[in-house]
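Here is how the chains run, residue by residue.
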Amino acid sequence: MPAGGFSVSAPPGVEFEAKITPIVIISCIMAATGGLMFGYDVGISGGVTSMDDFLGKFFPTVLRKKNEDKDSNYCKYDNQGLQIFTSSLYLAGLTATFFASYTTRRLGRRLTMLIAGVFFLVGVIFNGAAQDLAMLIVGRILLGCGVGFANQAVPLFLSEIAPTRIRGGLNILFQLNVTIGILFANLVNYGTAKIHPWGWRLSLSLAGIPALLLTLGALFVTDTPNSLIERGRLEEGKAVLKRIRGTDNVEPEFNEIVEASRIAQEVKHPFRNLLQRRNRPQLVIAVLLQIFQQFTGINAIMFYAPVLFNTLGFKNDASLYSAVITGAVNVLSTLVSVYSVDRVGRRMLLLEAGVQMFLSQVAIAVVLGIKVTDHSDNLGHGWAIMVVVMVCTFVSSFAWSWGPLGWLIPSETFPLETRSAGQSVTVCVNLLFTFVIAQAFLSMLCHLKYAIFAFFSAWVVVMSLFVLFFVPETKNVPIEEMTERVWKQHWFWKRYMDGDNHHIVDGKITANNGASV
């Protein structure tokens, strides 16, 4: 998840001299470990909550309901404790984001990543060694704190350390590795489900691998030039810039960073600036994209894929195997986004995916409505395959649209003086609604039954209409030209622009170059 902070780019038509140096390669590894850690945490919970050994130790009531025929197929997993196990990570991440925003700015990106790694390691120890539910929840909360710190610092570290020409690719690489982490978790669950009675401990403990890599990486990399300069360490920042760019010719980029830092520090109340009328389009779009991203239903499927397939009558092995298939589709489809986002544009991907998600969810709702009743789960082989195909169709469309673009669009539309505050709001809203869906899904499944997919498909219609009318195309538009080329040209949002070339910063009018007028 992209995090708050400022980024710089070369003036139009100018590209800073830079080579892909070893530290940039290490940064790619950092993206992989941070993304893998988050993705693994997302994917692992659904698998272990479908394991009888895990349920028997921590949620015996759920295990008893699962094995009793008298309970509704849709309500076997309806348990608040089970939902807290999953959702507590996201609530903790939401809270930790506020602290991470401070440490990222005041202590640097590197130290914030190190803090995240320590939280991850301690959380993994608690979860792997858990003897009771309280210990299990504490472990998830610690992992959530790690998520809050890592998701703020790692993408920001990448965007500042990478040469301009590969900056976008590295940011989507983080999202790609989240999907790889989910797939890895599904593969682990598929194997450990056969290990009795401690397979679930192995599933939870293996999260220590990416956690350890993230911690070691944070110990050995240097902080970004942007962070050093922002904290007044100009000479050290210039030395690091020369080292990571592989050239002594860094004066133009160094001056840009110094100027960006000066402007950012002049903004004493970025959240107040965020509420200015001219920043309303970016804020509204950023917030609604995060809400809509969760109400596609994707996290419900990715969190609880094994549980969901069990509910539909699949046996344990088959349900975990199906979850592995959806995880693989998720990874491959994210690659589609990497390739096509700058070719076909953001709007086209979002609108095409809206049609695909709507049709697949309606198909799932119809099949379940006909074949799965409260006490009958006789899907049959053919219908079961169809459900898996439709779930994969849904996952693929999300992975090349709302997954990466829900983060990319806000990160490229906020003006410099509100970019940090805007990204913080984006992260917080996303984690808040991730928590809401994770906490509510199993209860919704119990009460709405197959209609839960109709519920999510209705939201897909709403969000697609919003994209059609209110989300402008930002493909190939330089960040510094967004106001002139995007917002002032949009049929609706242009009314929120002042019609001149000035920003309102803390109640003072400044020109685009930062000078007071």
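Rules behind the numbers
- Residues numbered from 1 in each chain as written.
- Predicted model: local features only at pLDDT ≥ 70, side-chain atom pairs only at ≥ 80, totals over all residues.
- Heavy atoms only, no water.
- Helix = DSSP H or I, 4+ residues; strand = E, 2+ residues; numbered from the N terminus.
- Buried < 20%, exposed > 50% of the residue type's maximum accessible area, 1.4 Å probe, protein only.
- Contact = heavy atoms within 4.5 Å.
- Areas by Shrake-Rupley, 256 points an atom, 1.4 Å probe, with all protein chains shown as cover.
- Salt bridge = Lys/Arg side-chain N within 4 Å of Asp/Glu carboxyl O.
- Patch = residues over 30% accessible without salt bridge, like charges linked within 9 Å, V, L, I, M, F, W, Y side chains within 5 Å.
- Lys, Arg positive; Asp, Glu negative; His and termini not counted.
- Charge placed at Lys NZ, Arg CZ, Asp CG, Glu CD.
- Phe/Tyr/Trp six-rings, centres within 6.5 Å; stacked < 30°, edge-to-face > 60°.
- Lys NZ or Arg CZ within 6 Å of the ring centre and 35° of its normal.
- Core = buried A, V, L, I, M, F, W, Y, C linked by side-chain atoms within 4.5 Å.
- Expected span 1.5 Å × (residues − 1).
- Bend = angle between axes of the 7 residues up to and from the residue.
- Arc of directions from axis to C-beta.
- pLDDT = per-residue confidence, 0-100.
- Axes fitted to C-alpha atoms, helices over the stretch in contact; angles between N-to-C directions.
- Parallel < 35°, antiparallel > 145°, perpendicular 65-115°, else oblique.
- Left-handed = near helix turned anticlockwise from the far one by under 90°.
- Nonpolar A, V, L, I, M, F, W, Y, C, P; charged D, E, K, R; others polar.

### Concerning the overall build of the protein
- Helix and strand content of the protein: 22 helices and two strands.
- Counting every position in the protein, which comprises 517 residues, the buried fraction comes to 59%.
- Within the protein, counting contacts between residues at least 6 apart in sequence, those at least 24 apart form 79% of the total.
- Summed over its atoms, the accessible surface of the protein is roughly 19500 Å², and 66% of this surface lies on carbon and sulfur atoms.

### What to know about the pattern of salt bridges
- Considering all chains together, one arrives at seven salt bridges under this definition.
- We note a salt bridge from arginine 231 to aspartate 223, for which the minimum N-O separation is 2.7 Å.
- Classification of arginine 231 by relative accessible area gives partly exposed; the value is 25%.
- The salt bridge involving arginine 262 is made with glutamate 259; its shortest N-O contact spans 2.6 Å.

### Structural notes on the side chain of serine 457
- If you trace the backbone, serine 457 turns up in helix H21 (residues 451–470).
- With sequence-adjacent residues up to four places away left out, serine 457 is seen in contact with Phe358, Gln361 and Val362.

### Details of a positive patch on the surface
- Together, Arg277, Arg280, Lys494 and Arg495 make up a region of like positive charge exposed at the surface.
- The residue lysine 494 is located in the loop between helix H22 (482–485) and strand S1 (502–505) in this model.
- Residue class for lysine 494 comes out partly exposed when judged on its relative accessible area of 46%.

### Let's talk about the packing of aromatic side chains
- Tallied over the entire structure, the rule returns 22 aromatic pairs.
- Taking the centre distance of 5.2 Å and the plane angle of 80° together, the rings of phenylalanine 470 and phenylalanine 492 count as edge-to-face. Note that phenylalanine 470 is positioned in helix H21 and phenylalanine 492 in the loop between H22 and S1, a separation of 22 residues in sequence.
- With relative accessibility at 18%, the residue phenylalanine 492 sits in the buried group.
- Aromatic side chains phenylalanine 492 and tyrosine 496 sit 6.0 Å apart centroid to centroid with 55° between the ring planes, which places their arrangement in the tilted category. Of the two residues, phenylalanine 492 and tyrosine 496, neither departs from the other in class, the shared state being buried.
- Of note, lysine 194 hangs over the ring of tyrosine 190, and the distance from its end group to the ring centre comes to 4.0 Å.

### Re the nonpolar core
- In terms of nonpolar packing, the biggest core is built from 125 residues, with Val48, Phe54, Phe59, Met113, Phe120 and Trp402 touching the most fellow members.
- Other than its neighbours up to four places away in sequence, phenylalanine 59 contacts Phe54, Asn79, Gly81, Leu82, Phe85 and Leu133.

### With respect to helix H4 (residues 80–106)
- Taking 1.5 Å as the rise per residue, H4 with 27 residues should run 39 Å; its terminal C-alpha atoms sit 38 Å apart, in good agreement.
- The principal kink in H4, of about 40°, is found at serine 87.
- Backbone geometry just after H4 places glycine 108 at a positive phi near 105°.

### Focus: helix H11 (residues 234–245)
- In this model, H11 (twelve residues) spans 16 Å end to end at C-alpha, consistent with the 16 Å of a helix rising 1.5 Å per residue.
- All of the buried residues in H11 are Gly237, Lys238, Val240, Leu241, Ile244 and Arg245. Burial along H11 is one-sided: seen end-on, the buried residues are contained in an arc of 165°. Residues of H11 that are exposed and angled more than 90 degrees away from the buried face: Glu235 and Arg243.
- A positive backbone phi angle near 70° is found at glycine 246, which sits one or two residues after H11.

### Side note on the confidence of the model for the protein
- The predicted model of the protein averages 81 in pLDDT, with 81% of residues at 70 or higher.
- Under a pLDDT of 50 for its full length, residues 1–14 has, in the predicted model, 53 contacts with residues more than four places off or in other chains.
- Low pLDDT (under 50) marks residues 502–517, which in the prediction has 42 contacts with non-local residues, meaning those over four places away or in another chain.

### Considerations on unusual backbone geometry
- Going from histidine 196 to proline 197, the amide bond is cis rather than trans, its omega being 0°.
- For proline 197, the location among the structural elements is in the loop between helix H7 (167–192) and helix H8 (199–205).

### A few points about the packing of helix H5 (residues 109–128) against helix H6 (residues 133–161)
- At a minimum axis distance of 7 Å, the contact between H5 and H6 shows a crossing angle of 155°. The orientation of H5 relative to H6 falls into the category roughly antiparallel. Regarding H5 and H6, the two cross each other, and that crossing is left-handed.
- Considered class by class, the residues forming the contact of H5 with H6 number 21 nonpolar, five polar and three charged.

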